[in-house]
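Topology and contacts: notes
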Amino acid sequence: MLRPVVLVGMMGAGKTAVGTVLARMLGVPFRDSDDEIVRAAQMEIPEIFARDGEAFFRARETEVLGRLMGAEPAVISTGGGAFMNATNRDLIARHGVSVWLQADVEVLWNRVRHKTTRPLLRTADPKGTLAALLAEREPLYALADLEVGSAPGLTVEGMAQKVIAAL
Ligand code: S3P
């Protein structure tokens, strides 16, 4: 594998879970842009959003991606909003292969509904917010090099195999 494989897609799409297994299968390191931001800031994501705002978080996200894309080949999981930014898309396109992990809103909602780690879903109607974000973002995720969809009964390993088959 010569180019980093960059997983993009919504919160709950399985980027971290699939990415971890995929990296193991490919024998390369796994990196997670959210984790790198948290480590550098020494704050969790909701805290960063609350204290410094989303724009600050997005700037850190672009910095981290720039660093990860220039480093050794790896499987890189990005935060759900990362691929919305043209600079990030360009960085990813120049250095790596992007893979959109696709899932419908019911699947996504079932995975994120009990978690409190996503500040963007702290609204009066989080499921509606998730659906609206998905609708807004889908056209941009569709710009990824590859698209791999989750299906009922498909395991994380199965999804990682599907990504490998598509590479
Ligand atoms: C975000 C997704 C999160 C995290 C932040 C913003 C988004 O990452 O980067 O809460 O804009 O969709 P995950 O996609 O890993 O949940």
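Given the structure is predicted, the values throughout are model-derived calculations rather than measurements. (Residues numbered from 1 in each chain as written. Predicted model: local features only at pLDDT ≥ 70, side-chain atom pairs only at ≥ 80, totals over all residues.)

**Structural notes on the UniProt feature "binding site: ATP" (unreviewed entry) in the protein chain**
According to UniProt, the feature "binding site: ATP" (unreviewed entry) maps to G12, A13, G14, K15, T16, A17 and R118 in the numbering used here. Take A13: it is sitting in the loop between strand 1 (5-8) and helix 1 (15-26). Apart from the residues within four sequence positions on either side, A13 is in contact with L101, A103 and L108. Its place among the elements puts A17 in helix 1. Residue class for A17 comes out partly exposed when judged on the 17 C-beta atoms lying within 10 Å of it. (UniProt positions renumbered as here; feature names shortened; annotations may be inferred. Helix = DSSP H or I, 4+ residues; strand = E, 2+ residues; numbered from the N terminus. Contact = placed C-beta atoms within 7 Å. Buried ≥ 20, exposed ≤ 12 C-beta atoms within 10 Å, placed from the backbone.)

**Describing the environment of P152**
The residue P152 is located in the loop between strand 5 (146-149) and helix 8 (156-166) in this model. Remark: the alpha-carbon pair of P152 and V107, spanning 45 residues in sequence, is separated by 9.0 Å.

**Observations concerning the nonpolar core**
In this structure, L7, V8, V18, L22, V99, L101 and L108 are the most contacted members of the largest nonpolar core, which totals 35 residues. Listed by contribution, the elements that provide at least two residues to this core are strand 1, helix 1, helix 4 (54-70), strand 3 (75-77), strand 4 (97-102), helix 6 (105-112), helix 7 (126-141) and helix 8. (Core = buried A, V, L, I, M, F, W, Y, C linked by C-beta atoms within 7 Å.)

**Regarding unusual backbone geometry**
You will see that Q42, though not glycine, has its phi angle at about 55 degrees, which is positive. With respect to the helices and strands, Q42 occurs in the loop between helix 2 (33-41) and helix 3 (45-52). The exposure class of Q42 is exposed, given the 8 C-beta atoms found within 10 Å.

**What about the packing of helix 6 against helix 7?**
As a packed pair, helix 6 and helix 7 sit with axes 10 Å apart at the nearest point and diverge in direction by 130 degrees. With respect to their mutual orientation, helix 6 and helix 7 come out oblique. The handedness of the crossing between helix 6 and helix 7 is right-handed. Every residue of helix 7 that contacts helix 6 at V105, L108, W109 and V112 is listed here: K127, L130, A131 and L134. Of the residues contributing to the contact of helix 6 with helix 7, the split by class is 7 nonpolar, no polar and 1 charged. (Axes fitted to C-alpha atoms, helices over the stretch in contact; angles between N-to-C directions. Parallel < 35°, antiparallel > 145°, perpendicular 65-115°, else oblique. Left-handed = near helix turned anticlockwise from the far one by under 90°. Nonpolar A, V, L, I, M, F, W, Y, C, P; charged D, E, K, R; others polar.)

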